[in-house]
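Residue-level listing of the chains:
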Amino acid sequence: MNLLQRFQRIKVFVFDVDGVLTNGDLLVLESGEMARVMYVKDGYALQLAIKQGYAVLVVSGSAPSAVLGRLNKLGIREVHFAIKDKQAFIRQWMEERQVAPETVLFMGDDIPDLPVFDLVGLSACPADAVSEILHKAIFVSGYPGGRGCVREVIEKVLRSNDHWGNDAQVAST
C-alpha cells in the first residue's frame, strides 16, 4: 500500500502532547507552574478534522495541564493524561470502539511512543523526533513538534479525501 492510500484510509487521529501538539519546551514560571507552547495553525486543522467527522484522540504520559483547556476549546473531548502504556491504552480504545488499525494515524516523537507504531495503520512523527522514532515512522513531517506537524498530517488526510477547505465555518483558533 502506498503512502497516499494510507492517508486516505485514516478516520482517527491520535496525538501525543509534548513534542507533537507542543514544541516540547517547558517554561517554568516563578510560581512553579509550567507553560507549553501550541501552534494556532494546528488548532484550525484539528477543528476542521472534527467538523468533518474524524475522531481526534490525545494520549499523553504527562500529568494533566492547562493544555486540556485548549484542546477542549478546539472540540477535542478524548484527552487522556498520565497514560503509562500508550500501546495498551490505544489498543483497548480501538477494541472497545471496533476501530480497524488501518484507519488510525498516530503521531509521536519519543521512545514511549514507539510501541504504538506497531499498532496503527499510519505512524507519523515531527521532523525533530528522536532518531529511533524517525527511523521507524512511516511518515516524517517536514515540520517540528508544535510548529505545524499536526496540521500537515491532518491536511494530507483531509485533502486525500476531499475534506479540506470546503467548510469555512470553523471557529477562530
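Residues numbered from 1 in each chain as written. Predicted model: local features only at pLDDT ≥ 70, side-chain atom pairs only at ≥ 80, totals over all residues. Heavy atoms only, no water.

As recorded in an unreviewed UniProt entry, the protein chain goes by 3-deoxy-D-manno-octulosonate 8-phosphate phosphatase and comes from Niabella pedocola. Under the UniProt heading Cofactor (unreviewed entry), the note attached to the protein chain is "Mg(2+)". Listed in UniProt under the heading Sequence similarities (unreviewed entry), the comment for the protein chain reads: "Belongs to the KdsC family." (UniProt positions renumbered as here; feature names shortened; annotations may be inferred.)

Undergrad: When you look at the overall build of the protein chain in this model, what are you seeing that I'm missing?
TA: A count of helices and strands for the protein chain gives eight helices and eight strands. Relative to the globule expectation of 16 Å for 173 residues, the C-alpha radius of gyration of the protein chain, 15 Å, shows essentially globular dimensions. Its C-alpha atoms put the protein chain at 50 × 35 × 30 Å along the principal axes. Taken across its 173 residues, the protein chain has 46% of its residues classed as buried. For the protein chain, the share of sequence-separated contacts (at least 6 apart) that also reach a separation of at least 24 residues comes to 57%. Approximately 8,400 Å² of the protein chain is accessible, and the part contributed by carbon and sulfur atoms is 51%. (Helix = DSSP H or I, 4+ residues; strand = E, 2+ residues; numbered from the N terminus. Rg over C-alpha atoms; globule rule 2.2 N^0.38 Å. Buried < 20%, exposed > 50% of the residue type's maximum accessible area, 1.4 Å probe, protein only. Contact = heavy atoms within 4.5 Å. Areas by Shrake-Rupley, 256 points an atom, 1.4 Å probe, with all protein chains shown as cover.)

Undergrad: Which parts of the structure should I look at to understand the state of the cysteines?
TA: Disulfides are covalent bonds that connect the sulfur atoms of two cysteines. Counted under the stated rule, the structure contains zero disulfides. Here Cys149 is not disulfide-linked; the sulfur of Cys125 is the nearest cysteine sulfur, at 8.6 Å. (Disulfide = S-S within 2.5 Å.)

Undergrad: Just to check I follow, could you spell out the pairing of strand β4 (residues 55-59) for this structure?
TA: Both faces of the sheet carry side chains from a regular strand, because those side chains alternate between them. The buried fraction of β4 is high, at four of five residues. Pairing between strand β1 (residues 12-15) and β4: four bridges, direction parallel. In the strand pairing of β4, Phe15 is matched with Val58. Here β4 pairs with strand β5 (residues 78-80) via three bridges, running parallel. Paired with Leu57 across the two strands is Glu78, which belongs to β5. (Pairing = 2+ DSSP bridges.)

Undergrad: Could you clarify how one ought to interpret the pattern of salt bridges in this entry?
TA: Pairing of side chains with opposite charge becomes possible as their charged atoms draw close. By the definition in use, this model includes eight salt bridges. Of the charged contacts, one joins Asp113 and Lys86 as a salt bridge, the two residues approaching to 2.6 Å between their closest N and O atoms. Placement of Asp113 in the loop between β6 (104-107) and α6 (114-117) and of Lys86 in helix α5 (residues 86-97) is noted, with a sequence separation of 27 residues between them. Assigned by exposure class, Asp113 and Lys86 land together as buried. For Glu155, the salt bridge identified is with Arg159, shortest N-O distance 2.7 Å. Taken together, the positions of Glu155 and Arg159, both in helix α8 (residues 149-160) and four residues apart, correspond to about one turn of that helix. Where salt bridges share partners, they join Asp16, Lys86 and Asp113 into one cluster. (Salt bridge = Lys/Arg side-chain N within 4 Å of Asp/Glu carboxyl O.)

Undergrad: Before we go on, may I ask you to explain α8 in this structure?
TA: Given 3.6 residues to a turn, an α-helix orients residues that are three or four positions apart in the same direction. The terminal C-alpha atoms of α8, which comprises 12 residues, lie 17 Å apart, in line with the 16 Å expected from a rise of 1.5 Å per residue. Residues of α8 that are buried include every one of Cys149, Val150, Glu152, Val153, Ile154, Glu155, Val157, Leu158 and Ser160, and no others. Of the residues one or two after α8, Asp162 is the one with positive phi, at around 55°. (Expected span 1.5 Å × (residues − 1).)

Undergrad: For this particular structure, what's the right way to read the sheet that holds β1?
TA: The strands that make up a sheet pair up through hydrogen bonds in the backbone, lying either parallel or antiparallel. The six strands lie next to each other as β5-β4-β1-β6-β7-β8, forming an open sheet whose pairing is parallel. Edge positions in the sheet fall to β5 and β8 (139-140), since each of these pairs with one other strand and no more. Lying on the sheet, α8 is in contact with β1, β6, β7 (122-125) and β8; it crosses β1 at an angle near 170°. (Axes fitted to C-alpha atoms, helices over the stretch in contact; angles between N-to-C directions.)

Undergrad: Sorry, what's going on with the packing of aromatic side chains here?
TA: Applying the stated criterion across every chain yields a total of five aromatic pairs. The interplanar angle of 85° and the centroid separation of 5.3 Å between the aromatic rings of Phe7 and Phe139 together place this pair among those described as edge-to-face. Here Phe7, found in helix α1 (residues 3-9), pairs with Phe139, found in strand β8; they are 132 residues apart in sequence, far enough to count as distant. Overall, the relative accessible area of 4% leaves Phe7 in the buried class. Its relative accessible area of 9% is what places Phe139 among the buried residues. Geometrically, the ring pair formed by Tyr44 and Trp164 is edge-to-face, given 5.9 Å between the ring centres and 85° between the ring planes. Placement of Tyr44 in helix α3 (residues 40-51) and of Trp164 in the segment after α8 is noted, with a sequence separation of 120 residues between them. (Phe/Tyr/Trp six-rings, centres within 6.5 Å; stacked < 30°, edge-to-face > 60°.)

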